[in-house]
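Commentary on secondary and tertiary structure
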Amino acid sequence: QVQLVESGGGLVQAGGSLRLSCAASGIIFSLYAMAWYRQAPGKERELVASFSAGGSTNYADSVKGRFTISRDNAKETVYLQMNSLKPEDTADYYCNAELGAPPGRRPVNYWGQGTQVTVSS
């Protein structure tokens, strides 16, 4: 059974920091691209940051320079260090694991249950 368990969310003042963690089980973690998404009330889910199995990272423009994604394959955990938080970062944050597929087949995707981040002004 695949599980992605997020932790580390909470309430923080603007300018503060939080570190989210996502512990995976039931998958060969090193083969999966890992990512963090977020969804604010009334908005669509958006990609925040990703870390490919090959080691490349990608960030949404809105978080570049403030957030850092990292992964520890030995611990099967992906992290999101969030600094200089802004009220607009308030959202539910979701961990995602994706295994690529050959042409014509859909990738395998798993999601965590989400962790809430609230940034007060």
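Reference entry: report on the structure contained in this document. Predicted model, so just to flag it, every value in this text is computed and none were measured.

Thoughts on the overall build of the protein
Of the regular secondary structure elements, the protein holds zero helices and eleven strands. Helices and strands appear in the protein in the N-to-C order β-β-β-β-β-β-β-β-β-β-β. On C-alpha atoms alone, the protein measures out to a radius of gyration of 14 Å, which is about the 14 Å that the 2.2 N^0.38 rule sets for 121 residues. With respect to the three principal axes, the spread of C-alpha positions in the protein is 45 × 30 × 25 Å. Here the protein holds 121 residues, and 38% of them are scored as buried. Pairs at least 24 residues apart make up 56% of the contacts formed inside the protein by residues separated by at least 6 positions. Looking at the protein as shown, the accessible area adds up to about 6700 Å², and 47% of this sits on carbon and sulfur atoms. Side-chain charges of the protein comprise 11 positive and 10 negative groups, with the mean position of each set lying 3 Å from the other.

A word on the packing of aromatic side chains
For the structure on display, the rule yields two aromatic pairs. Here Tyr32 and Tyr110 contribute two aromatic rings whose centre-to-centre distance is 6.2 Å and whose plane-to-plane angle is 40°, an arrangement assigned as tilted. In this pair, Tyr32 sits in the loop between β3 (18–25) and β4 (33–39) while Tyr110 sits in strand β10 (residues 108–111), placing the two residues 78 residues apart along the sequence. On the basis of relative accessibility, which here comes to 7%, the residue Tyr32 falls in the buried class. Ring geometry for Tyr37 against Trp111: centres 4.9 Å apart, planes inclined by 65°, an arrangement best described as edge-to-face. Within this pair, whereas Tyr37 is found in strand β4, its partner Trp111 is found in strand β10, the two being separated by 74 residues in sequence. A relative accessible area of 21% places Tyr37 in the partly exposed class. You can call Trp111 partly exposed: its relative accessible area is 37%. A cation over an aromatic ring shows up here: Arg45 above the ring of Tyr94, its NZ or CZ 3.8 Å from the ring centre.

Thoughts on the sheet that holds strand β8 (residues 77–82)
Read from one edge of the open sheet, four strands run β1-β3-β8-β7, paired in antiparallel fashion. Taken across any chain shown, the strands that pair with only one partner, and hence form the sheet edges, are β1 (3–7) and β7 (67–72). Each strand axis lies, on average, 15° off the axis of its neighbour in the sheet, ignoring direction. Both β7 and β8 contribute to a ladder of six bridges, which runs antiparallel. Across the sheet, the residue bridging to Arg71 is Val78, located in β8.

Some details on the pairing of β1
The side chains of a regular strand alternate, residue by residue, between the two faces of the sheet. The side-chain alternation of β1 yields one buried face, formed by Leu4 and Glu6, and one unburied face, formed by Gln3, Val5 and Ser7. Relative to β3, β1 is paired through five bridges, and the arrangement is antiparallel. Opposite Glu6, over in β3, you have Cys22 as the bridge partner.

Topic: the nonpolar core
Within the largest apolar cluster, 30 residues are counted, with the highest numbers of intra-cluster contacts made by Trp36, Leu80, Met82 and Tyr93. Counting only elements with at least two residues in this core, the list comes to β3, β4, β5 (46–51), β7, β8, β9 (91–99) and β11 (115–120). Look past the residues within four positions of Met82 in its chain and what remains in contact with it is Gly16, Ser17, Leu18, Leu20, Arg66, Phe67, Tyr93 and Val117.

Cut-offs used in this document
Residues numbered from 1 in each chain as written. Predicted model: local features only at pLDDT ≥ 70, side-chain atom pairs only at ≥ 80, totals over all residues. Heavy atoms only, no water. Helix = DSSP H or I, 4+ residues; strand = E, 2+ residues; numbered from the N terminus. Rg over C-alpha atoms; globule rule 2.2 N^0.38 Å. Buried < 20%, exposed > 50% of the residue type's maximum accessible area, 1.4 Å probe, protein only. Contact = heavy atoms within 4.5 Å. Areas by Shrake-Rupley, 256 points an atom, 1.4 Å probe, with all protein chains shown as cover. Lys, Arg positive; Asp, Glu negative; His and termini not counted. Charge placed at Lys NZ, Arg CZ, Asp CG, Glu CD. Phe/Tyr/Trp six-rings, centres within 6.5 Å; stacked < 30°, edge-to-face > 60°. Lys NZ or Arg CZ within 6 Å of the ring centre and 35° of its normal. Pairing = 2+ DSSP bridges. Axes fitted to C-alpha atoms, helices over the stretch in contact; angles between N-to-C directions. Core = buried A, V, L, I, M, F, W, Y, C linked by side-chain atoms within 4.5 Å.

Everything listed is a geometric property; what it means functionally is a separate question.
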